[in-house]
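Residue strings, one per chain:
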Amino acid sequence: MPPIRHGIADLGAPEGRAALLENARIFQGFADGSLKPFDVSLLGVEPGKPGDVPVREGQTFSSRRANEVVIDRNTAFRAKLKPGDNITLKTVQGTDEKYYTLQVAGISDGQQFFLRPSVFVPDITWDKIRPKGVEPAGRELAYNVFAVKLSDPAQLKNMQQIIPQRVERVETADIITAYKKTPGYAEQQATLETQRIFTLIIGVLVIGGFFQIQTLQKVPQIGMLKAIGARNRTVAFASIFQVTVVTIIGVAIGTALTLLLAANFPVTVPIVFRSNTTTIAIVSLLLIGPIGGLVSVRYSLRIEPLRALGLG
Amino acid sequence: MTIALETKDVMKTYKVDSGTINAVDGVSLNVKAGEFVALVGPSGSGKTTMLAMLAALLKPTSGGIFIDGHDLTKMNEGERAQFRRERIGFTFQANNLVPYLTAQENVELMLRLNGKLDRKGKDRSKELLARLGLGERMKNLPSQLSGGQQQRVAIARALIHNPSLVLADEPTASLDTERAFQVVETFANLIHEQNRAGIMVTHDLRLTQYVDRVVQMRDGQIAEIVDNQAAIAEQVIKHADDHHLEGLKVLPMMRPQPMLG
């Protein structure tokens, strides 16, 4: 979305305005004094308004002009920063290289944009320090993203009509659509979705193969059961019961290991396990077990007792 | 004694490239309740095919097979499975016990399949195992039992549900000589005591000393029936050089101490 160079006043009285995004680079410090650069997203937000960043350690910005930053805990971990520390940001403005010293006010949790850890600054400070060309004096601060929080969510459509009437060249979207329209988001999600689907397909094949081998090893036993008069439905029930029990135990162990792993993920790994997605994964895996096992159940039903026992 | 098993002119024909072969060719045979019969013959004589038909696992091409008056040839797949479950007992060459069930649970499997596993059934399985010398081994898994003990569990499983006909396919194939004698003698005693009809397919003619009749098959037909112990012993020796019995074991007679008291 191209920056919209219009004053905030044009919007009238919005509930909030925030999220001005630039790419930036800060440096990871090592014990021997060396520095390793890593890329971050530099975001300007209006303190206390929608879009502001929740702080889990330290405090939020003292004003819109404060020379303060709130850093993502990933950034804090990698650059070994804590509240009260200072960082120096090098930026190119026009033809000059300028250095700004900012104090770490607080640390946020899980705030990453474009898969990069984030550094938040107050919106007016952001406009002062961000990389930019030569601009005329007296230019009003321009925003490229407005966050409008509705007290009545039912007014969404109404507000989506009002905003373009007051601000030129603006696109409106609810927050979900806005996320989805983020450059690269759809492609990234499609990749993840493909991985998820293929994981399930592979799961079906692996579970199917596993139980097929199990069944092949039990051909004489199944043949014996049929020879002594076991009904097909008895054999099928026993097979399905076994598949289900093994799947439940496997999924339970897998879930426990996943949650244990997730609890011990380094902060630099941008993965969050949410209860709804985890539940969907568990239910999907519980369903694919019996589906994968159907082939072996069918095979069990086709076992000829005569052949299985070597009588035919 | 009542007739438990009757076959009338049973035939089983297979198509092969060169035409057809009669694996079983017009076999008629009666076995009374309480009678133990050995089915002997060289490889390819049709005894295994005959056993499979008697077990309701294979339909004859023609003829009739009657067990307790029920004609197996008129039954569909489901009816034959039910008949096997209720009226026939099996022991196989490999005992095929379920490895993760105890000896007692393996025996009770037949009662469970018939929906008759109650307190009385459990007591009967314990009693039967005790009679077979496995009173201390009821809770053992098959892997914790010797080959002879496993085969005795299989015998108990074949008898627990009071079948009319008990079939044994080379039940001693994997046992040493002494164990083989013990197992067959035990089997014979139980068949006589419980008044079942029993048929055992065997290659080992020494084991025929425990049966009431020996039916010798050759080329799909009954070649000879011998029905007294002296004649059986005589036939064993007589056929020792018979090329039709090639592959059969004929070794000196020996009788171990009986297991049942």
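That block above? That's the structure.
Read on for an overview of the structure. (Residues numbered from 1 in each chain as written. Chains lettered and ligands numbered in written order. Predicted model: local features only at pLDDT ≥ 70, side-chain atom pairs only at ≥ 80, totals over all residues. Heavy atoms only, no water.)

So, about the nonpolar core. Among the nonpolar cores identified, the biggest contains 90 residues, and Leu167(B) and Ile199(B) are the most heavily contacted of them. With near-sequence residues (within four places) excluded, Leu167(B) lies in contact with Leu51(B), Leu54(B), Ala55(B), Ile88(B), Gly89(B), Phe90(B), Thr91(B) and Ile199(B). In this structure, Leu42(A), Leu89(A), Val121(A) and Trp126(A) belong to the second largest nonpolar core, which totals 18 residues. (Core = buried A, V, L, I, M, F, W, Y, C linked by side-chain atoms within 4.5 Å. Buried < 20%, exposed > 50% of the residue type's maximum accessible area, 1.4 Å probe, protein only. Contact = heavy atoms within 4.5 Å.)

Moving on: the interface of chain A and chain B. Each partner contributes to the interface: chain A provides 15 residues, whereas chain B provides 19 residues. Of the roughly 1500 Å² buried between chain A and chain B on both sides combined, carbon and sulfur atoms contribute 69%. Linking chain A with chain B are zero salt bridges. Summed over the shared surface of chain A and chain B, the result is three residue pairs in polar contact (both at pLDDT 80 or more). Elements with a contribution of two residues or more to the side of chain A that touches chain B: helix H6 (219-227) and helix H9 (305-308) of chain A. Among the elements that line the side of chain A that touches chain B, the one with the most residues is H6(A), at six residues. Its residues placed into classes, the side of chain A that touches chain B shows ten nonpolar, three polar and two charged. (Buried area = accessible area lost by both parts, 1.4 Å probe. Salt bridge = Lys/Arg side-chain N within 4 Å of Asp/Glu carboxyl O. Polar contact = N/O pair within 3.5 Å; in protein donor to acceptor, adjacent residues only side chain to side chain. Helix = DSSP H or I, 4+ residues; strand = E, 2+ residues; numbered from the N terminus. Nonpolar A, V, L, I, M, F, W, Y, C, P; charged D, E, K, R; others polar.)

Time to look at the sheet that holds strand S9 (residues 213-218) of chain B. Residues and elements named next belong to chain B. If you trace the six strands from one edge of the open sheet to the other, you get S6-S7-S8-S3-S9-S10, paired in mixed fashion. Lying at the two open borders of the sheet, with one neighbouring strand each, are strand S6 (88-91) and strand S10 (221-226). Put simply, the sheet's adjacent strands are angled 20° from each other on average, direction ignored. Sitting on the sheet, helix H6 (residues 177-194) is in contact with strand S3 (36-40), S6, strand S7 (165-169) and strand S8 (197-201), with an inclination near 135° to S3. (Pairing = 2+ DSSP bridges. Axes fitted to C-alpha atoms, helices over the stretch in contact; angles between N-to-C directions.)

A few words now on the packing of helix H5 (residues 185-217) of chain A against helix H7 (residues 232-263) of chain A. Residue and element names in this part refer to chain A. Interaxial distance between H5 and H7 falls to 12 Å at its minimum, and their mutual angle equals 135°. As judged from the angle between their axes, H5 and H7 are oblique. Every pair of crossing elements has a handedness; the one defined by H5 and H7 is right-handed. In contact with Phe210, Phe211 and Gln214 of H5, H7 contributes Gln242, Val243 and Val246. The residue makeup of the contact of H5 with H7, split by class, is four nonpolar, two polar and no charged. (Parallel < 35°, antiparallel > 145°, perpendicular 65-115°, else oblique. Left-handed = near helix turned anticlockwise from the far one by under 90°.)

Given a rise of 1.5 Å per residue, 13 residues ought to cover 18 Å, and the 19 Å separating the end C-alpha atoms of helix H5 (residues 147-159) of chain B matches this to within 8%. Every buried residue belonging to H5(B) is among Gly148(B), Gln149(B), Gln150(B), Gln151(B), Arg152(B), Val153(B), Ala154(B), Ile155(B), Ala156(B), Arg157(B), Ala158(B) and Leu159(B), and all of these are buried. Buried residues along H5(B) sit in contact with H6 of chain A together with S6, helix H3 (103-113), helix H4 (119-131), S7 and H6 of chain B. (Expected span 1.5 Å × (residues − 1).)

On to the pairing of strand S6 (residues 96-108) of chain A. Residue and element names in this part refer to chain A. The pairing of strand S3 (residues 57-58) with S6 spans two bridges and is classified as antiparallel. By the bridge assignment, glycine 58 is partnered in S6 with glycine 106. Bridge count for strand S4 (residues 68-72) against S6 is five bridges, and the pairing is parallel. Counted as the bridge partner of aspartate 72 is serine 108 from S6. Bridge count between strand S5 (residues 86-93) and S6: eight bridges; the pairing is antiparallel.

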